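Read off the chains here:
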Amino acid sequence: MSDHVRDQGYAKKRKGVLGCSASLLILIAPLFFVALMCSPTAQAAPLTGIRAFPAFARKYGLPCSACHEAWPKLNAFGQTFKDNGYQLGNDRDAPIWQQPTYWPVAFRITPSWHRESVDRNQVDDLNNPANSLEQKTTTHGFDLSGLDILTGGTLANNISFLLVPSADNTGAFHFESAWVRFDNLLHSSYLNIKVGKFELDNLLSEKRILTLSDQGGLYQLYHFVPVGDSNIFGLGDNQLGAELMGHSKNDRTRYSAALLSSNDGNVSVPNGHGYDAFLTASQAFQAGGLGLQRVGAFVYLGRSPTYYLTQGGGSTQLDGLGQKSFYRAGFIGMWYLKKFDVTTLFMHGGENAFLGTGIAANDPNGLPAGARSPQWNGALIESHYTVNPQFILINRYEFIRMSQQALPVDSTNIFIPGVSVPSSDFGNLDSLTFGYRYYPFMHSRAGFAFHNEYAIVRQRKVAPVTGLDVTSSSLFLGFDFIY
Amino acid sequence: MKTNFYKLLFAIAFLAGFVNLPGAGAQEAQVGKLTGHPDQGKQLYRRYCIGCHGPRGDGAGENAPYIDPKPRNFTQATFKCRSTPTGTLPLDSDLYNSIGRGFDNSNMPSWAPLTDQDRINLVAFIKTFSPRWKNDKAGAPITIPNETPVTVPSIQHGHDLFQKLECWKCHGPEGRGDGPSASTLTDSNDQPIRPYNFAEGSRFKCGATNQDIYRIFMTGVDGTPMPSFADVIQPNDAWDLVHFLRTLQVNREGPERALLKSSGTKLQPIQPSSGGGR
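Residues numbered from 1 in each chain as written. Chains lettered and ligands numbered in written order. Predicted model: local features only at pLDDT ≥ 70, side-chain atom pairs only at ≥ 80, totals over all residues.

Things to note about the overall build of chain B
Let me state the cut-off plainly: Numbering of helices and strands starts at the N terminus; helices are DSSP runs of H or I of at least 4 residues and strands are runs of E of at least 2. To sort residues by exposure, count the other C-beta atoms lying within 10 Å of each residue's C-beta; 20 or more gives buried, 12 or fewer gives exposed, and values between give partly exposed, all with C-beta atoms placed from the backbone. The contact criterion used here is simple: two residues whose C-beta atoms, placed from the backbone, lie within 7 Å are in contact.
Along the backbone of chain B there are 11 helices and 2 strands. Ordering the α and β elements of chain B from the N terminus gives α-β-β-α-α-α-α-α-α-α-α-α-α. Looking at the 278 residues of chain B, the share that counts as buried comes to 42%. Once local pairs closer than 6 in sequence are excluded, the contacts in chain B between residues at least 24 apart make up 62%.

Next comes the structure, spelled out in structure tokens:
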């Protein structure tokens, strides 16, 4: 959950320094996947060796695998539990049932070794620091992730909460989540209201992502904006607002409608005013013995400022002005074939031309000639093979294609901000991530996973000097634990 | 060439996904058109149930010491919620419904979010813990006659039966689970057990309908002190008792309580010292 991945100090937004020579890895990834699937170790876990307990085990006495396909990814039962406001509905949900010493808190952090490589990184010229060069950079070493402190549960029957103070790996804290939820209003599971800072009701939750590396630890689709765009919005970022959410008793039918402050979850209303809306709905159905399949759709309608009213010589932002619109819309399918599951997600994004070009709406020169609203399409295919509750294999491929550039194409130049882009595929992105998580033990007070992952990302023609593709890669070995 | 190579990779991955899956075993559990397979149920049991019910199904999971009431011991093949006579094995559908319904006032949640196939697979695996399932057959399900009308005389007769059959000794004069015998009750494993508190709950362990209450009278709750009344009371009497018990559910607005209120009828308090009468 929470900002665990991005608090590692790795890339948050991907605007231009990404790339890929991924064909070889695309080739070997399935082989890696198949080899691990067939390995004796992967299938051996004996029945008596399982000691799985959930984060809420102290309250409910259920194995953690009951709610998690593989921690932290939820399964259908866990999603229902979450949608019920962290309640099982068996008359034991209120805190009054707990021992007075019970405190629903957990800490998560990931010591790791990782290697990061960028083939065309922008660096200062050692001989002339005012000048920039392109150079391959490779760094590696032992490191820490950010820290999540997770507290959640019920304040009373049908009043639930989540509070997640979260720190980056330097120890700087912020509130990743802080909300209270009123559940089952009018005795209906279709009426639940949540207020505070929370993750959007994304079926593919980035806060429960199974990959942790710099390049693979986020969904590119959720954070992509065109190169040169001034919008900071990310669909995977927790937002501030109010959400009306509902679901059928067995959670097969779900919907969510949220009214959000247009600040991308940042506190103190930095953008001054403006509200966004997020709508999503999904329906699950059984497909014989294959499992529970789910299909859904979502749309986000937002606004973002293009300049600010300031005071103190620009040191303080009073209000975000020149607000322009943007949107994200997509479809998602979650398909189960017994132990094998695939999530497919298609998303279309678009922004106002002022946001896309990074030009203030009050710029006296207005938009440059040929400027248009940038638009793009993207897709994600993420597959898992859950060998058993203690071992999961992960593979994800994402691609994003610009369908309309914000600036006119000038193939004789590299990207010139506010003027032109070098080609129609400028900024297109491919990302491949694969890895596994092995949980050697589980019990009621702690979780632990040995995590191994490789991720590679290529972005077209965004090298800062040569205008060539940029390829970035991560190799990550971590010890992910929660207590 | 490249396309063929990808096809080959896909085929290998697809097949590799299936070589790990158990083949269709013998039919071990059946509910309607659903057939449960114990080998697939075993994997689900490991995921969902093992923490409480334990790897051997004996109710000695790691969480068991902290749970009250204790998890079911499947090796005894004794189940509370059945549609079959006392002492007999339940139907597969009884276990299937129990998994989907969960048990109020216990740590057993509703597993309705699981697919139907998953639940019947779990039933099939649970049946592997006791040899009784190989040696015995499930009992014949009891017949539940049509419910009699809810009337004041029916409720009053149920009140009298509650007194006469000494239900109050465990469940208490007001159905609050505080009868004089309540503190002494144990289940078949010598674990303390509390009688049902009608005043607190709005649902019953084995279902929420009047038919479910009727069924409990006639089948008993095996493994607990709650006996079967199948040989003691007639069906009409059982329905009268159902109607009276509904009036004890002070947190539930039902036709029984509404009828008492609208008719101005006040039932006399149960007299613990007397054997029967109004």
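Focus on the overall build of chain A
Looking only at helices and strands, one finds 7 helices and 23 strands in chain A. Taking all 483 residues of chain A together, 50% fall into the buried category. Sequence-distant contacts in chain A: of pairs separated by 6 or more residues, those separated by 24 or more amount to 63%.

Some words on helix H2 (residues 38-48) of chain B
Judged by how many residues are buried, H2 of chain B sits mostly within the fold: 9 of 11 residues are covered. For H2 of chain B, the complete set of buried residues consists of Pro38, Gln40, Gly41, Gln43, Leu44, Tyr45, Arg46, Arg47 and Tyr48 of chain B. Looking at the buried positions of H2 of chain B, the neighbouring elements they touch are helix H4 (64-67) of chain A together with strand E2 (34-36), helix H3 (50-53) and helix H5 (116-126) of chain B.

Observations regarding the packing of helix H9 (residues 210-219) of chain B against helix H10 (residues 235-247) of chain B
All names here are of chain B. Heads up, the condition is: Axis definition: a line fitted to C-alpha atoms, over the contacting stretch in the case of helices. Angles run 0 to 180 degrees between N-to-C directions. Every angle not falling under 35 degrees, over 145, or within 65 to 115 is termed oblique; those three ranges are roughly parallel, roughly antiparallel and roughly perpendicular. When the near helix sits turned anticlockwise from the far one by under a right angle, the crossing is termed left-handed; a clockwise turn instead gives a right-handed crossing. Residue type decides the class: Asp, Glu, Lys and Arg count as charged, Ala, Val, Leu, Ile, Met, Phe, Trp, Tyr, Cys and Pro as nonpolar, and the leftover types, Gly among them, as polar.
Orientation of H9 relative to H10, taken along the N-to-C sense of each, is 120°, at an axis distance of 9 Å. With respect to their mutual orientation, H9 and H10 come out oblique. Here H9 runs over H10; the crossing is right-handed. Each of Asn210, Ile213, Tyr214, Phe217 and Met218 in H9 lies in contact with H10, whose residues at this interface are Ala238, Trp239, Leu241, Val242 and Leu245. The class makeup of the residues in the contact of H9 with H10 is 9 nonpolar, 1 polar and no charged.

As for the pairing of strand E6 (residues 147-156) of chain A
All names here are of chain A. Inclusion rule: Note on pairing: two strands pair once DSSP finds at least 2 bridges between them.
As defined by bridge partners, strand E3 (residues 105-109) adjoins E6 across 4 bridges and the pair is classed as antiparallel. Within E6, the residue paired with Ala106 across the bridge is Leu150. Here 7 bridges tie E6 to strand E7 (residues 159-167), and the two strands are oriented antiparallel to one another. The partner of Gly153 across the bridge, within E7, is Phe161.

Points about the domain arrangement of chain B
All names here are of chain B. Quick note on the threshold: An automatic or database domain assignment supplies the residue ranges for each domain.
Split by domain assignment, chain B resolves into domain 1 (29-135) and domain 2 (152-263). Placing the centre of domain 1 and that of domain 2 at their C-alpha centroids yields a distance of 25 Å. Taken together, the contacts link 17 residues of domain 1 with 18 residues of domain 2. For the side of domain 1 that touches domain 2, the class distribution of residues is 5 nonpolar, 7 polar and 5 charged.

Looking at unusual backbone geometry
The linkage connecting Trp71 of chain A with the following residue, Pro72 of chain A, adopts the cis geometry, with an omega of 10°. Position of Pro72 of chain A relative to the elements: it lies in the loop between strand E1 (68-70) and strand E2 (73-74). For the bond running from Asp68 of chain B to Pro69 of chain B, omega is 0°, close enough to zero to count as cis. Along the chain, Pro69 of chain B falls in the loop between H3 and helix H4 (92-101).

Some points on H9 of chain B
Residues and elements named next belong to chain B. Among the residues of H9, those classed as buried are Tyr214, Arg215, Ile216, Phe217, Met218 and Thr219. Where H9 is buried, its residues meet H10. Gly220 sits one or two positions beyond H9 and adopts a positive phi of about 70°.

With respect to the packing of H10 of chain B against helix H11 (residues 255-263) of chain B
Residue and element names in this part refer to chain B. It is the contact of H10 with H11, at a shortest axis distance of 7 Å, that shows an interaxial angle of 80°. The angle between H10 and H11 places the two elements in the roughly perpendicular class. Residues His243, Arg246 and Thr247 of H10 form the contact with H11, whose participating residues are Glu256, Arg257 and Leu260. Of the residues contributing to the contact of H10 with H11, the split by class is 1 nonpolar, 2 polar and 3 charged.

Here's the deal with the environment of Glu253 of chain B
Structurally, Glu253 of chain B can be placed in the loop between H10 and H11. For the pair Glu253 of chain B and Leu185 of chain B, spaced 68 residues apart in the sequence, the C-alpha separation amounts to 30 Å.

Examining the environment of Asn146 of chain B
Residue and element names in this part refer to chain B. Mapped onto the fold, Asn146 is located in the loop between helix H6 (132-135) and helix H7 (152-164). Owing to 7 C-beta atoms within 10 Å, Asn146 belongs among the exposed residues under this scheme. As for Asn146 and Pro65, which are separated by 81 residues in sequence, their C-alpha atoms are 43 Å apart.

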